Amino acid sequence: MYSYKYPHPAITTDSVVFGFDGKDLHILLIERGIDPFKGSWALPGGFMRIDETAEQCAARELQEETGVADIFLEQFHVFSSVNRDPRERVVTVAFYALVRRADYRLIAGDDAARANWFMIDELPPLAFDHDQIIGMARQRLREKLRTRPIAFKLLDEKFSMGELQRLYEAINGTTYDRRNFQRKMISTGLLEDRGPSTEQLSNRPPELYSFKEKEYHRQQAAKPSGKNPFDL
């Protein structure tokens, strides 16, 4: 067997999973059940096996530790600080995902003691360098929001204009004038009016909308503009 001259670092994956409950943006964390940082909260992730890709590792670890499966994961950065893991030299490949929070029931497993959603601005102290990973993931999410209509992957099929505005505000860390925001979104021509909400509310029920995803892709294929019509 061939022997390499140089020592090899271990490789892990970590996943920043964003969820939206209609009011606040959340991140999925697991409580570590083993050392190092036993009892601390961390991103779901773990060591890559010799026979799998980084993408396969991220999906496997996410399912084993939280019960969340079959979601789109996109790689966004590699973190390779020399002393980021006290056990050994570890390089991690970081992914982000967007899910509707209500779609998934969490089941902690493997080396995770618990799994839970946390509001993005109220995170507990985190293990390793996971605060840095989340910080970069938030920045990448803002960048993606300017170029692609990714907000709709965090919303139910039917959503109110208020929910859409709160999501934009949570991602971008700012506030928007309600009328101007609604005018901008309606002007895209890519929101279908689905009528008023049927929920029993004390006030007037809000109008619900859905994203015309097929029409969006049709327009992009017919005349690619490279612009996101929902960019504010």
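A brief report on the enclosed structure follows. The structure displayed is predicted, hence computed values, not measured ones. (Residues numbered from 1 in each chain as written. Predicted model: local features only at pLDDT ≥ 70, side-chain atom pairs only at ≥ 80, totals over all residues. Heavy atoms only, no water.)

**Focus on the overall build of the protein**
Each helix and strand counted, the protein has 5 helices and 10 strands in total. Along the longest, intermediate and shortest principal axes, the C-alpha atoms of the protein span 65 × 45 × 30 Å. Within the protein, the fraction of its 232 residues that count as buried is 44%. Taking all contacts inside the protein whose residues are at least 6 apart in sequence as the whole, residues at least 24 apart take part in 65%. For the protein, the exposed surface amounts to about 13,300 Å²; the carbon and sulfur share of it is 47%. Across the protein, the mean location of the 33 positive side-chain charges is 6 Å away from that of the 35 negative side-chain charges. (Helix = DSSP H or I, 4+ residues; strand = E, 2+ residues; numbered from the N terminus. Buried < 20%, exposed > 50% of the residue type's maximum accessible area, 1.4 Å probe, protein only. Contact = heavy atoms within 4.5 Å. Areas by Shrake-Rupley, 256 points an atom, 1.4 Å probe, with all protein chains shown as cover. Lys, Arg positive; Asp, Glu negative; His and termini not counted. Charge placed at Lys NZ, Arg CZ, Asp CG, Glu CD.)

**Looking at unusual backbone geometry**
A cis amide bond links D35 to the next residue, P36, at an omega of -5°. Its place among the elements puts P36 in the loop between strand 2 (25-32) and strand 3 (41-42). With phi around 65°, F37 is a residue other than glycine that occupies positive phi space. Examined against the element boundaries, F37 turns out to sit in the loop between strand 2 and strand 3. Here D70, not a glycine, exhibits a phi torsion of approximately 55°, which is positive. Inspection of the secondary structure puts D70 in the loop between helix 1 (54-66) and strand 5 (74-79).

**A word on the sheet that holds strand 9 (residues 191-196)**
Across the sheet, 3 strands lie side by side as 8-10-9; this open sheet has antiparallel pairing. Of all the strands in the sheet, just strand 8 (159-160) and strand 9 have a single pairing partner and so form its edges. Bridge analysis of strand 8 against strand 10 (residues 207-211) gives 2 bridges, and the strand direction is antiparallel. The partner of S160 across the bridge, within strand 10, is L208. (Pairing = 2+ DSSP bridges.)

**As for the packing of aromatic side chains**
If you walk through the whole model with that rule in mind, you get 11 aromatic pairs. Here the aromatic rings of F76 and F79 are separated by 6.5 Å at their centres, their planes lie at 75°, and the arrangement is edge-to-face. Here the two residues F76 and F79 agree in accessibility, since each one is buried. Pairing F152 with F230 gives two aromatic rings, centres 5.0 Å apart and planes at 70°, and the pair type is edge-to-face. Of this pair, F152 sits in the loop between helix 2 (130-147) and strand 8 while F230 is found in the segment after helix 5 (213-222), placing the two residues 78 residues apart along the sequence. (Phe/Tyr/Trp six-rings, centres within 6.5 Å; stacked < 30°, edge-to-face > 60°.)

**Section: the pattern of salt bridges**
In a structure, side chains of opposite charge can pair up when their charged atoms sit close to one another. Across all of its chains, the model carries 14 salt bridges by this definition. For E64, the salt bridge goes to R60, with nearest N and O atoms at 3.3 Å. Of this pair, E64 and R60 both sit in helix 1, 4 residues apart, roughly one helical turn. What makes E64 partly exposed here is its relative accessible area of 28%. Judged by relative accessible area, which is 14%, R60 ranks as buried. Each of R49, E52, R60, E61 and E64 takes part in one network of salt bridges that share partners. (Salt bridge = Lys/Arg side-chain N within 4 Å of Asp/Glu carboxyl O.)

**So, the packing of helix 2 against helix 3 (residues 161-172)**
Relative to each other, helix 2 and helix 3 sit at 130°, their axes nearing to 9 Å. On the basis of their axis angle, the class for helix 2 and helix 3 is oblique. Contacts from R138, L141, R142 and L145 of helix 2 reach helix 3 at Y168, A170, I171 and N172. (Axes fitted to C-alpha atoms, helices over the stretch in contact; angles between N-to-C directions. Parallel < 35°, antiparallel > 145°, perpendicular 65-115°, else oblique.)

**Focus: helix 1**
Across its 13 residues, helix 1 extends 18 Å between first and last C-alpha, which sits within 8% of the 18 Å expected from 1.5 Å per residue. What helix 1 keeps buried is the set A54, C57, A58, R60, E61, L62, E65 and T66. Directly after helix 1, the chain includes G67, whose backbone phi takes a positive value near 85°. (Expected span 1.5 Å × (residues − 1).)

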